[in-house]
Amino acid sequence: MSRVFSGIQPSGELHIGNYLGAVKNWVTLQSEFECIFCIVDLHAITQPYEPAELEARTLEMATSLLAAGIDPERSTLFVQSHVPEHAELAWVFNIVAPLGELERMTQFKEKAARQESVPAGLLNYPVLQAADILLYRAERVPVGEDQLQHLELAREIARRWNARFGRDFFPEPQAMLSPATRIMGLDGAAKMSKSLGNTIGVLESPEAIWEKLRPAMTDPARKTRRDPGNPDICNIYRLHQFFSAPAEVTMVAEQCRSAGWGCLDCKRVLADNMIAALAPVRERAAALAARPAYVREVLAAGAARARRIAGAVMGEVRQRMGFLPAGV
Ligand code: TYM
């Protein structure tokens, strides 16, 4: 059975972009593959963050993932910093990672542009990501479209390391995309993203979901209630495709084109469907929030399992690279 690995940063709430783009896919893959899912706190600290909040955010992300359907009986769920080999392999990969390509990474350029002083950690972020995946010699990586460039680099790193130290030791990991490769934010202008504040959280209350959807961007050419709209360029219509039944999606398009419905009518239907779809996740999260010890136990067991694999792979890496073994 080939191994699946993926990660998510604990840098904010789990939002519907993460959920539709990646996590929903993770849940499905559990029945077919050996899955390892990682809360990547070492990645999250490459952006400005509040140390006092990191622990709680990490636990919240674990709770949200379990609530979304990650099953610790079938999958390994753990926190990246609990397995020190991630940082060790990332260092090793730094010696084969091409600097020019790191500098060309879109996410690096975007994030660097937002900071006055750019830390080297931001540049090396994709090297750590390659280490995450290859430490488990994972072959498949379910992610959203924004991670494709990082995965291409992970393959390049695997090839370069293999060429120098061990033919075919690391597989070249392939992306697995969900149908929701790129969910746009509520502004309709940029990707839904924690750092842009244009998100809907998976655990948000029905009232909060409606408050966010009500003013959300639709077809900008539809100025009045009587103007017909164009669903093909409307972000709300796109969200219907993920939350509404096929017959309803067809009806939404018709009502939009004929100006039968106004944008608010259309958003109300979306809100109701989204609230219904997310209700079971919210309920499970509330139940889990009452059992913080359980969530910590899941993460401890996950880290123990991950360390067993990571330790063996890292042992091989050290040997192939010629390090003096520790001990006598
Ligand atoms: P992160 O935490 O930004 O996002 C987690 C996952 O959600 C996907 N995603 C989206 N998909 C569709 N539409 C959106 N608007 C949207 N926003 C986020 C992301 O593509 C991702 O799959 N670098 C990674 C974390 C990481 C990782 C790894 C992933 C670290 N190591 C190893 C895979 C393998 C990241 O920033 O994810």
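To keep things clear, this report deals only with the structure shown in the data block.

Moving on, we get to helix α13 (residues 292–321). Every α-helix carries 3.6 residues per turn, so stepping three or four residues along brings you back to the same face. For α13, spanning 30 residues, the distance from its first C-alpha to its last is 42 Å, which sits close to the expected 44 Å at 1.5 Å a residue. Immediately downstream of α13, the backbone of Gly-322 shows phi near 90 degrees, a positive value.

Another aspect to go through is the site of the ligand. Of all residues adjacent to the ligand, which total 28 residues, the nearest are Tyr-125, Asp-132, Gly-144, Asp-146 and Ile-183. Gly-144 places a main-chain nitrogen or oxygen 2.8 Å from an oxygen atom of the ligand. Measuring from an oxygen atom of the ligand, one finds a side-chain N or O atom of Lys-194 at 3.4 Å. Among the elements of the structure, β1 (3–8), α1 (16–29) and α7 (120–134) are those that each provide at least two residues to the shell around the ligand. In terms of residue class, the shell around the ligand is made up of eleven nonpolar, twelve polar and five charged.

For the structure shown, the criterion picks out eight aromatic pairs. An angle of 45 degrees between the planes, with centres 5.7 Å apart, marks the rings of Trp-161 and Phe-169 as tilted. Ring geometry for Phe-169 against Phe-170: centres 4.8 Å apart, planes inclined by 70 degrees, an arrangement best described as edge-to-face. Here Phe-170 falls in the buried class, since its relative accessible area comes to 2%. A cation sits over an aromatic face here: Lys-111 above Tyr-125, 4.6 Å from the ring centre. Here the basic side chain of Arg-291 rests over the ring of Tyr-294, its NZ or CZ set 4.3 Å away from the ring centre.

Note that Ala-131 resides in helix α7. In sequence terms Ala-131 and Ala-87 are 44 residues apart; their C-alpha atoms lie 7.7 Å from each other. Non-local contacts of Ala-131, meaning those with residues more than four positions away in its chain, are made with His-86, Leu-89, Ala-90 and Phe-93.

Attention shifts here to the pattern of salt bridges. Evaluation of the coordinates by the stated rule reveals 17 salt bridges. Arg-159 is the salt-bridge partner of Glu-156, the closest N and O atoms lying 3.1 Å from each other. Pair noted here: Glu-156 and Arg-159 are both in helix α8 (residues 148–165), with a separation of three residues, about one helical turn. On the accessibility criterion, Glu-156 (17% relative accessible area) is buried.

Basis of the calculations
Residues numbered from 1 in each chain as written. Predicted model: local features only at pLDDT ≥ 70, side-chain atom pairs only at ≥ 80, totals over all residues. Heavy atoms only, no water. Helix = DSSP H or I, 4+ residues; strand = E, 2+ residues; numbered from the N terminus. Expected span 1.5 Å × (residues − 1). Near = heavy atom within 4 Å. Polar contact = N/O pair within 3.5 Å; in protein donor to acceptor, adjacent residues only side chain to side chain. Nonpolar A, V, L, I, M, F, W, Y, C, P; charged D, E, K, R; others polar. Phe/Tyr/Trp six-rings, centres within 6.5 Å; stacked < 30°, edge-to-face > 60°. Buried < 20%, exposed > 50% of the residue type's maximum accessible area, 1.4 Å probe, protein only. Lys NZ or Arg CZ within 6 Å of the ring centre and 35° of its normal. Contact = heavy atoms within 4.5 Å. Salt bridge = Lys/Arg side-chain N within 4 Å of Asp/Glu carboxyl O.

The values reported here are purely geometric and, on their own, carry no functional implication.
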